[in-house]
Amino acid sequence: MKGSQYVFTKRANYWNKDLQKFDKVTMKFLQDVTARTNAIVSGQIDATLLDPKTSKQAVAAGLTLTTSQVDWQGLLLIDRDGKVTPELANPKAPPGHELRLRSQDDSRAAVPG
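Residues numbered from 1 in each chain as written. Predicted model: local features only at pLDDT ≥ 70, side-chain atom pairs only at ≥ 80, totals over all residues. Heavy atoms only, no water.

(A) The arrangement of the environment of Gln-44 in detail. With respect to the helices and strands, the residue Gln-44 is situated in the loop between helix 1 (33–41) and helix 2 (52–60). Residues within four places of Gln-44 in sequence aside, it is in contact with Lys-28 and Ala-39. (Helix = DSSP H or I, 4+ residues; strand = E, 2+ residues; numbered from the N terminus. Contact = heavy atoms within 4.5 Å.)

Have a look at this one:
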């Protein structure tokens, strides 16, 4: 389905190669916790957020559970002008990824609940 995943690939001419830890990162958007559980248990994805009930299923399948007291999800665009980190103002640095929500309906689609 179009828009159900984003694929980010490593750029050969990236200004700081030490920051590139992966050749490719794929983000899949699975809203349903059962679908996320099935995907992680079957090896279709490498990481996800689960709830206490579904995390038991993942642990029973031999997966490692990492817990956190805080579950924050969002997008931060900070210091784009390089006031704190001058490297971010470098014209050779890649531009930030921006998410623009045109209406309240778009924001509900991006972050359900």
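The discussion continues.
(B) Seen up close, the pattern of salt bridges. Enumeration over the complete set of coordinates arrives at 1 salt bridge. A salt bridge links Lys-10 to Asp-23; the nearest nitrogen and oxygen atoms lie 3.1 Å apart. Of this pair, Lys-10 sits in the loop between strand 1 (5–9) and strand 2 (24–28) while Asp-23 sits in the loop between strand 1 and strand 2, and the two are 13 residues apart along the sequence. Residue Lys-10 is classed as partly exposed on the basis of its relative accessible area, which comes to 43%. Residue class for Asp-23 comes out exposed when judged on its relative accessible area of 56%. (Salt bridge = Lys/Arg side-chain N within 4 Å of Asp/Glu carboxyl O. Buried < 20%, exposed > 50% of the residue type's maximum accessible area, 1.4 Å probe, protein only.)

(C) A look at the packing of aromatic side chains. Per the counting criterion, the structure on display carries 2 aromatic pairs. Look at Tyr-6 and Phe-29: their rings are 5.5 Å apart centre to centre, the planes differ by 85°, and that puts the pair in the edge-to-face class. Placement of Tyr-6 in strand 1 and of Phe-29 in the loop between strand 2 and helix 1 is noted, with a sequence separation of 23 residues between them. Relative accessible area serves as the criterion here: at 46%, Phe-29 is assigned to the partly exposed category. Aromatic side chains Tyr-14 and Trp-15 sit 6.2 Å apart centroid to centroid with 45° between the ring planes, which places their arrangement in the tilted category. (Phe/Tyr/Trp six-rings, centres within 6.5 Å; stacked < 30°, edge-to-face > 60°.)

(D) Just helix 2, in detail. Burial in helix 2 covers these residues: Thr-54, Ser-55 and Ala-58. Down the axis of helix 2, the buried set is contained in an arc of 105°. They therefore lie on one face. Across from the buried face of helix 2, at angles greater than 90 degrees, the exposed residues are Pro-52, Lys-53, Lys-56 and Ala-60. On its buried face, helix 2 is in contact with helix 1. Gly-62 sits one or two positions beyond helix 2 and adopts a positive phi of about 95°. (Arc of directions from axis to C-beta.)

Everything listed is a geometric property; what it means functionally is a separate question.
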